[in-house]
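Inside the fold
The lines below spell out each chain.
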Amino acid sequence: MNPYILTILLFAMGLGTTITFASSHWLLAWMGLEINTLAILPLMCQSHHPRAVEATIKYFLTQATAAAMLLFASITNAWITGQWNLEFMSYSLPTTLVTVALALKIGLAPLHAWMPEVLQGLDLTTGLILSTWQKLAPFCLLLQINPSNTSLLLILGLASTLVGGWGGLNQNQLRKILAYSSIAHLGWMILVLQFFPSLTLLTLLMYFVMTFSLFISFKVNNSTTINSLSMSWSKTPIISSMVPFILLSLGGLPPLSGFMPKWLILQELTKQSLAPLATLAALSALLSLYFYLRISYAMTLTMSPNTLLNALPWRLPSNQHTLPLAITTSLTICLLPLTPAITALLTL
Amino acid sequence: MSLPKISRVPASRLLSAVHDPRWPLRSAAPLAVPKRALTQSGYRRPGQPREDKPPWQRIKFDFSKGLEGITKHFKLLRQEFSDRLVGPEGKPIIEHMLEQNRVIWEFRGPDSLQEWTLSSDREIGGQSEIHLKLGKNNETCFLYGTLQSAPPRDGETRYSGYCSMRSKQPLVSFDRKKHHDWSSFNTLHLRIRGDGRPWMVNIAAESYFTHQKDDLYSYFLYTRGGPYWQDVKIPFSKFFLTHRGRIQDNQHPLWLDKVNTIGFTLGDKADGPFQLEIDFIGVCKDYAHTEDFAYEVYKRNPEV
């Protein structure tokens, strides 16, 4: 892509998110979301492949629907209360509608059906931007509104963790697995939103770090299916040995960093007398762990029997920038001992 | 004393002498050109009048047919659920990870012929013929017929002379589309015995937009006429994009995760009989083939 156009689009994406962060008026927040959506669309279809264009159209339609629903809800709230401020949503109908609109924006179950198809049509870098940066603005809004219906968020959260777990079980395609992983993690974030919002933010940031590592590892290996990962040990042996740790961190196993948000969420849910819900969420994490383990099984723990038939690829030095991957992998693996410091930061 | 009956409307017989009572206005009387059908569906052979029957007269309603359909679709749905417990596409994941070859279509019984659809220019009024039967010992499929390039004399069609065999779209319960996932493979492997004619292999992938429904990815299949079987391996990177038979300028590789159908077309303008025997159609993974796409896409008007 022309570097000037790319710069404009990336700046526009940043602008959209920043506008939403900085806004206290619903119209400005909606405007930021729209700028964000429109800026990523050319990035998604830059390869001009029909599947990429299909993914772009599906993404545009869902995001436009969500934005329209959000605008409708904010106008309804302004009509009833006379307030355009984000925090002053006191009636249940607009608040519920806003929650549902934002759930569609980020891809929470049962409004998740677009996510695997859209991610499947994109290349790994754009998929990464979709899974990480595009979630910031809607979450910023979710954190600011006062939820009127406590059970709605819990239902959305639990459904997302279960759907994310079950949906990813029978997938061969890595991008679809990453989509279902995203849905499951968003479910965990939403579960604790109304009780401890800072924990939602922590989970979101931890998810960003972990999923960034995973996406970039797959990009370095240039693989989009589980089968193609089985050849990665000869191309990038160090990354092949680190990826199981990233996957187990995503699965939420101690002593890796991914355990931290899950542990704190389960603790908070138990404090709120929602122990059965916490149990169900923890069990659904096992489903996700199964397909993470399957990827690490294919990549690192087993040697494909087919290697003897092919020529070994030349181990040329890679031109890819792996410093961000190194940083995020270290954070993904080693951050758990800093939990007390992070918890103290949260409660500031 | 009864009042005389005053009729406001003239007697119908009188009216019919003037004009048809169903058409109060003379100008709305039916014209010689047949009016447009209520629903347009299916192919209309050029030169033929359009079908005027409304949908409820075209469908044959039958209770037993309905019951059969319900049992069939629910059985398929149950099969789908139980397949999901085993793994993707009903096979355990270990099979997906280890497989290097997969036979998709092999012709071992009369049921295998039901998965294929034949078509020729007979549909548009031409004279080509195509037939499909099982070969010797029910081990292969035998596609044969006659090609005639004489265009039909309907005043519209200019070219003719094609015969083709296309696989049917796989369906799951309730007639939903299922796609072949060949993303673990990179080569198409055919075992065929032809008569020296050049065929085209056409693969149709799933498309989203209506104007992409005639998009096919094609490649050539040159057959030898000999009595020996021919193993043809075509990498998927070689398939180029065509739309309604015309090669497109903007090419892109075929994505293998949602393949719908495969077809073989003969249109080499050589009139006469033809034969093609197919043993199996499979996909395989050639580790030595690392090409992503065989056709470079140059910028046609590069900025200087």
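Residues numbered from 1 in each chain as written. Chains lettered and ligands numbered in written order. Predicted model: local features only at pLDDT ≥ 70, side-chain atom pairs only at ≥ 80, totals over all residues. Heavy atoms only, no water.

By the naming in an unreviewed UniProt entry, chain B is Complex I intermediate-associated protein 30, mitochondrial, taken from Fundulus heteroclitus. Database annotation for chain B, UniProt heading Subcellular location (unreviewed entry): "Mitochondrion". Regarding chain B, the UniProt comment filed under Function (unreviewed entry) reads as follows: "As part of the MCIA complex, involved in the assembly of the mitochondrial complex I." (UniProt positions renumbered as here; feature names shortened; annotations may be inferred.)

The name given to chain A in an unreviewed UniProt entry is NADH-ubiquinone oxidoreductase chain 2, with Fundulus heteroclitus as the source organism. The UniProt entry for chain A carries the following text under Function (unreviewed entry): "Core subunit of the mitochondrial membrane respiratory chain NADH dehydrogenase (Complex I) which catalyzes electron transfer from NADH through the respiratory chain, using ubiquinone as an electron acceptor. Essential for the catalytic activity and assembly of complex I."

It is worth spelling out the overall build of chain A at this point. Across its full length, chain A carries 17 helices and zero strands. Expected size for 348 residues packed as a compact globule is a radius of gyration near 20 Å; at 20 Å, chain A falls within 12% of this value. In terms of principal-axis extent, the alpha carbons of chain A reach across some 70 × 50 × 35 Å. The buried share of chain A, reckoned over its 348 residues, is 57%. Pairs at least 24 residues apart make up 78% of the contacts formed inside chain A by residues separated by at least 6 positions. By element, 73% of the accessible surface of chain A is carried by carbon and sulfur atoms, the whole surface being about 14,500 Å². Positive and negative side-chain charges in chain A, numbering 12 and 6 respectively, have mean positions lying 13 Å apart. (Helix = DSSP H or I, 4+ residues; strand = E, 2+ residues; numbered from the N terminus. Rg over C-alpha atoms; globule rule 2.2 N^0.38 Å. Buried < 20%, exposed > 50% of the residue type's maximum accessible area, 1.4 Å probe, protein only. Contact = heavy atoms within 4.5 Å. Areas by Shrake-Rupley, 256 points an atom, 1.4 Å probe, with all protein chains shown as cover. Lys, Arg positive; Asp, Glu negative; His and termini not counted. Charge placed at Lys NZ, Arg CZ, Asp CG, Glu CD.)

Moving on to the interface of chain A and chain B. Listed as interface residues are 29 residues of chain A and, on the opposing side, 23 residues of chain B. Counting each side, the surface lost to burial between chain A and chain B is near 2,400 Å², with a carbon and sulfur contribution of 53%. Its largest share of buried area at the contact with chain B, chain A owes to A:Arg51, A:Asn170 and A:Asn227, together 26% of the area lost on that side. Where chain A packs against chain B, one counts two salt bridges. A:Arg51 is paired through a salt bridge with B:Asp257; the nearest N and O atoms lie 2.8 Å apart. (Buried area = accessible area lost by both parts, 1.4 Å probe. Salt bridge = Lys/Arg side-chain N within 4 Å of Asp/Glu carboxyl O.)

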